[in-house]
Amino acid sequence: MAATGDAEETQLQEMEEEAMMENEMESEEEEGLGIENSDDEIDDSSEDEKENEAEIQRLEEQLSINAFDYNCHVDLIKLLRQEGELPRLRKARQKMSELFPLTEEIWLDWLKDEIHLTEDQQNREKVYELFETAVKDYICPEIWLEYAEYSIGGMGLPGGMEKVRSIFERALTAVGLHMTKGATVWEAYREFENAILATVQPPPGSVPTREQQELLNAQLERIHTLFRRQLSIPLMDMDGTYAEYEEWSDQGVSDTVSQKYKRALQQMDKSKPYEETLMIAEPPKLAEYQTYIDYEQKEGDPARIQIIFERALAENCLVPDMWAKYTKYLDRQLKIKDLVLSSHDRAVRNCPWTMGLWKNYLLALERHGADHHTISDVFEKALNAGFIQATDYVNIWEAYLDYLRRRVDFSKGESTLTLESSRELEELRAAFTRSLDYMKQDVEERFSESGDPSCTIMQVWAKIEALHCKNMQKARELWDSIMTKGNAKFANMWLEYYNLERSYGDSLHCRKALHRAVQCTSDYPEHVCEVLLTFERVEGSLEDWDAAVQKTETRLNRVNEQRAKVTEKEAHVARQEEEKTEQRLRAKADKKNQKKGQKGSRPGEKRKTEDKDYEDEWGEESEQPPKRHRGEGDQGFRGGGGGAKEFMETESGLFGRRAPPGAKRGQQVAPATVWKTQEDDPELRKDDCSVFISNLAFAMEDPEKRLKKLFEPCGPVQSVRPVYAAKGFRGYCYLQFEGKASVLEALKMDRQEVEGRPMFVSPCVDKNKNPDFKVFKYNTNLEKHKIFISGLPFSCTKEQLEELCKDHGTIKDIRLVTNRSGKPKGLAYVEFGDEAQASLAVLKLDGTVLQEHTLSVAISNPPRRNTADKPGFSRPVGAMMPRSMVYGSRGKGRTQLSLLPRSLHRQTGSESKAENGTAPKPTGGASGDAGIEAQAKPLSNSDFAKMLFKK
């Protein structure tokens, strides 16, 4: 027995020496911390040291201003470790650990540095405490392995063996179910037990004593148990463990173990696709982890659900939504106090800016019976966390006040409260007072708003005073204060006060409240008047009824007068705008007529004048003509009822405008500029199967062929109808599919770049039938999950912007804002997975510099569209008419020239010119009847054609 004990002690000493040798070998590879560096390492120059010291001081000053700067903490620790500043490094790590959970890399560096300096038992206990802190931050197999290996070094101390086994068991509980890394912990545990087995085996050829045999059998059973436990858990490379067990076991593998192994193997096969997806996915892998979590929740194993949540959080520790889902699961399913509270604490340390996590933490503390001092400390930390919205402070105060209210026992009334309950009630009232002061001073000073415009905190306080404390006087004082904060004009606020008086007050104060409401309400005065009359009908006397009727009639008459004045004022403004518009149009027309008159008065420049007229009329088009939907008076494009072989021009046809100089009568400008009437037949066109394409390059060659090929992946294309002018393609066209489903696919190609310009694709809608249709596709309201970035360099790409923003959350979409020609404006919208990620990105990115450009970042809140574009907007009838309705079916002409052929045009003065195809008024003679008929009825394209070809 003594010989066996000596052999075991000798073996333990050998294991300790091996562990110490390994630590010494690792220490030679480490840098800094006062440990001698390798000979081949280059010494830093004095200048580098000065620069590093200056940078260290800068980082320390920055942290003194903002202690929650995570990246600043990381940079400071790296520099101090590089310089070997052990005391300052330890202090920096401790400060960061107090504010944030540390990552696996930071913890391993810290632990290894401290292990190298450990010599005595007292320091070893400090390292044990450091390990205990490390394993609480994240579920990390590597840290648990390091912890177990370090504990082996103290195995020779009293209780050392039990301590090592205890740490291994805790490690298996924490990470033993980790499908990819859990097997390493199991194997390390078995290796340790196998080493112990070697120490208890008797020497070869000797007969073990009874005590030795019992000790040997107990050790063998431990290893058997470890194999059986591991084989019952789905882990990667299970077949290798099973083969090892078969080889190691003298008795073979029992049927029970084989059955458990097969079940675990089946479970592993089900989970393997999810693990493989995680392996090939790019960080942050949120979608892949969420899919895996959903699968495990359907399976219903709490331990496996917990481990997959922990794995997701280890890689996405700054995602508030993931923490919220995890803590919610723990609160509702596991309900284990230590696990729940530690997870809530880790959540708020990782994402301190998220109010919802703090609120849930307070509820969890109260739910698990935490003492009042602990809950108050957590609440104070929440106030100092730096929320990004004023409403967050209102919500956290409401959660804390609810907790304080629940502490007070109101079951016997305020007059019979115990001393303790009275003290708690006074604390509640003091907290309400402090919350109002905090919102008025701190929150308003920071956000320029209180975050509580409806005074919900004061309303709750008033209800508590009225319901529990029976103190209506205090409740009325609070409501008076609420009304003085700009809420007296809202009917719902008066009705809330009225309901409070109705429930806990008296009829006198109800009547006073309603009379004040009638006098002050401006949003729904009719409703308040109706409530007053109903109240008097039920409870009032005749005098009260008469007074109420008189007051409501007087108030409603005054309201109607005010509304009439406002309506009259709006109408007056609309008339003024209409008159200004008419004056501008008249002045513009007179100016053009005057210029044409000057050109016609130069007989020696006839040819030059014709060329100039041609240039004016057929000059370079604007960069992009206005979008013309079908049904907007585009008669020249639609065609009008000729035979099947009859041809007509589109937009700029021979009869729509004067042909270019030199064109012969009846000659077509180009084959591409005409369409067969049967193709333009409205019955053959289908708006619901068509799209309108615009902002195309004028220089596009064969747009019909190019666009047909471009949109063929969306579905079979029936026809492409490009719109041409005399000088060529106008940059827009209509494209019709054979089926409606293709339109949805085509709309997805909106703003796709074609020949260096963003192509606009929109539905083909008849705006005469759908006047409220809007093509604008982007939201104009506050988008809390999206950020707006301005000040970008014009050379910035989507890839560069994604690289800049990806560290702050899951990026769903990036849109660089460009003008119609595709040139960037230096603006962008970045959509994140949720509001918290967008808010974090604003905090981190605002003011950063990209390519010498300082970026301005804010939550997306696009300006509202012009009020005149909204349905129901009141404006003059003339102003609401499109230009085509004011000036005829083809709109106002560019040069105001008559469309009457020169051969039929008789100059009688400057007033004899016709507009929109109407013949000039004859001066008399035989042509009088024809002139009167022409003036009464506008001439069509067909009439002009007959008149032109009569010669």
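See above for the structure.
Everything numeric here is computed off the predicted structure, so don't read it as measured data. (Residues numbered from 1 in each chain as written. Predicted model: local features only at pLDDT ≥ 70, side-chain atom pairs only at ≥ 80, totals over all residues. Heavy atoms only, no water.)

Colleague: Would you take a moment to explain the overall build of the chain for this structure?
Modeller: Along the backbone of the chain there are 36 helices and 13 strands. In the chain, buried positions account for 40% of the 951 residues. Taking as baseline every contact in the chain between residues at least 6 positions apart, the subset at least 24 positions apart corresponds to 64%. Summed over all atoms, the accessible surface of the chain reaches about 53,200 Å², with 49% contributed by carbon and sulfur. (Helix = DSSP H or I, 4+ residues; strand = E, 2+ residues; numbered from the N terminus. Buried < 20%, exposed > 50% of the residue type's maximum accessible area, 1.4 Å probe, protein only. Contact = heavy atoms within 4.5 Å. Areas by Shrake-Rupley, 256 points an atom, 1.4 Å probe, with all protein chains shown as cover.)

Colleague: It is not clear to me how the pattern of salt bridges should be interpreted in this structure. Could you clarify?
Modeller: Close approach of charged atoms lets side chains of opposite charge pair. Applying the stated criterion across every chain, the model contains 38 salt bridges. With its nearest N and O atoms 3.5 Å apart, the salt bridge here joins Glu214 to Arg210. Here Glu214 pairs with Arg210, and both are found in helix 10 (residues 210–231), just 4 residues apart, close to one helical turn. For Arg210, a relative accessible area of 66% translates into the label exposed. (Salt bridge = Lys/Arg side-chain N within 4 Å of Asp/Glu carboxyl O.)

Colleague: I would appreciate a short explanation of a negative patch on the surface in the present structure.
Modeller: Taken together, the side chains of Glu47, Asp48, Glu49 and Glu51 present a region of like negative charge at the surface. With respect to the helices and strands, the residue Glu49 is situated in helix 2 (residues 46–65). (Patch = residues over 30% accessible without salt bridge, like charges linked within 9 Å, V, L, I, M, F, W, Y side chains within 5 Å. Lys, Arg positive; Asp, Glu negative; His and termini not counted. Charge placed at Lys NZ, Arg CZ, Asp CG, Glu CD.)

Colleague: Sorry if this is basic, but what is going on with unusual backbone geometry here?
Modeller: Backbone phi values are negative for most residues with the exception of glycine, while trans is the configuration of most peptide bonds. Each neighbour pair has its own omega, and for Pro283 with Pro284 the value is 10 degrees, a cis peptide bond. You can see Pro284 is positioned in the loop between helix 12 (255–280) and helix 13 (286–299). Within the chain, Asp237 stands out as a residue other than glycine whose phi angle is a positive 60 degrees. The backbone of Asp702 shows a phi angle near 45 degrees, a positive value even though the residue is not glycine. Within the secondary structure, Asp702 is located in the loop between strand 3 (690–694) and helix 29 (703–711). Residue Asp702 is classed as partly exposed on the basis of its relative accessible area of 45%.

Colleague: I keep staring at helix 15 (residues 320–334) and nothing clicks. Help me out?
Modeller: Given 3.6 residues per helical turn, the α-helix brings residues three or four places apart onto the same face. The end-to-end C-alpha separation of helix 15 is 20 Å, in line with the 21 Å expected for 15 residues at 1.5 Å each. Within helix 15, the full set of buried residues consists of Pro320, Met322, Trp323, Tyr326, Thr327, Tyr329, Leu330 and Asp331. On its buried face, helix 15 is in contact with helix 13, helix 14 (302–315), helix 16 (337–350), helix 17 (355–367) and helix 32 (835–845). Lys335 sits one or two residues past helix 15 and shows a positive phi near 60 degrees. (Expected span 1.5 Å × (residues − 1).)

Colleague: Sorry if this is basic, but what is going on with the nonpolar core here?
Modeller: One broad rule of soluble globular proteins: the nonpolar side chains tend to lie buried together. If you look at the biggest cluster of nonpolar residues, it comprises 163 residues, and the most contacted ones within it are Ile143, Phe192, Ile396 and Trp397. Each of domain 1 (49–100) and domain 2 (350–563) gives at least three residues to this core. Here Trp397 is in contact with Phe379, Leu383, Ala431, Arg434, Ser435, Tyr438, Met439 and Ile457, once residues within four sequence places are set aside. Ranked by size, the runner-up nonpolar core spans 20 residues in total, among them Cys733, Leu735, Met759 and Val761. (Core = buried A, V, L, I, M, F, W, Y, C linked by side-chain atoms within 4.5 Å. Domains from an automatic or database assignment.)

Colleague: Even after reading the chapter, I still don't get the sheet that holds strand 9 (residues 811–818), so can you show me in this structure?
Modeller: Where strands meet in a sheet, backbone hydrogen bonds hold them as pairs that are either parallel or antiparallel. The strand order across the open sheet built from 4 strands is 9-10-8-13, with neighbouring strands paired in antiparallel fashion. Only two strands of the sheet have a single neighbouring strand rather than two, namely strand 9 and strand 13 (856–860). Going from strand to strand, the sheet's axes swing by 25 degrees on average, the running direction of each strand aside. Across the sheet, helix 31 (residues 798–805) lies against strand 8 (783–790), strand 9 and strand 10 (824–832), angled at about 135 degrees from strand 9, the strand it touches most. (Pairing = 2+ DSSP bridges. Axes fitted to C-alpha atoms, helices over the stretch in contact; angles between N-to-C directions.)

Colleague: Could you clarify how one ought to interpret the packing of aromatic side chains in this entry?
Modeller: The geometry of an aromatic ring pair comes down to the distance between the two centres and the angle between the two planes. With the rule as written, the count across this model stands at 31 aromatic pairs. When the centroid spacing of 5.6 Å and the interplanar angle of 20 degrees are considered together, the rings of Trp479 and Tyr497 count as stacked. One end of the pair, Trp479, is in helix 22 (residues 472–487); the other, Tyr497, is in helix 23 (residues 491–504), and 18 residues separate them in sequence. On the accessibility criterion, Tyr497 (5% relative accessible area) is buried. These aromatic residues form a ring-pair network of at least three members: Phe379, Phe387, Tyr393, Trp397, Tyr400, Tyr403, Tyr438 and Phe447. (Phe/Tyr/Trp six-rings, centres within 6.5 Å; stacked < 30°, edge-to-face > 60°.)

Colleague: Which parts of the structure should I look at to understand the packing of helix 23 against helix 24 (residues 507–520)?
Modeller: In a pair of packed helices, the angle between the axes and the distance between the axes together describe the arrangement. Look at helix 23 against helix 24: their axes get within 9 Å of each other, and the N-to-C directions meet at 175 degrees. With respect to each other, helix 23 and helix 24 are oriented roughly antiparallel. Within the contact between the two elements, helix 23 uses Trp494, Tyr497, Tyr498, Glu501 and Arg502 and helix 24 uses His509, Cys510, Ala513, Leu514, Arg516, Ala517 and Cys520. Of the residues belonging to the contact of helix 23 with helix 24, the class tally is 8 nonpolar, 1 polar and 3 charged. (Parallel < 35°, antiparallel > 145°, perpendicular 65-115°, else oblique. Nonpolar A, V, L, I, M, F, W, Y, C, P; charged D, E, K, R; others polar.)

Colleague: I keep staring at the environment of Leu334 and nothing clicks. Help me out?
Modeller: Structurally, Leu334 can be placed in helix 15. Taking the C-alpha atoms as reference points, Leu334 and Gln306, separated by 28 residues in sequence, lie 9.5 Å from one another.

Colleague: Help me understand the packing of helix 13 against helix 15, please; the structure alone is not making it clear to me.
Modeller: Look at helix 13 against helix 15: their axes get within 12 Å of each other, and the N-to-C directions meet at 15 degrees. Taken as axis vectors, helix 13 and helix 15 run roughly parallel relative to one another. Every pair of crossing elements has a handedness; the one defined by helix 13 and helix 15 is left-handed. Where helix 13 approaches helix 15, its residues Leu286, Gln290, Ile293 and Gln297 are matched on the opposing element by Met322, Lys325 and Tyr329. (Left-handed = near helix turned anticlockwise from the far one by under 90°.)

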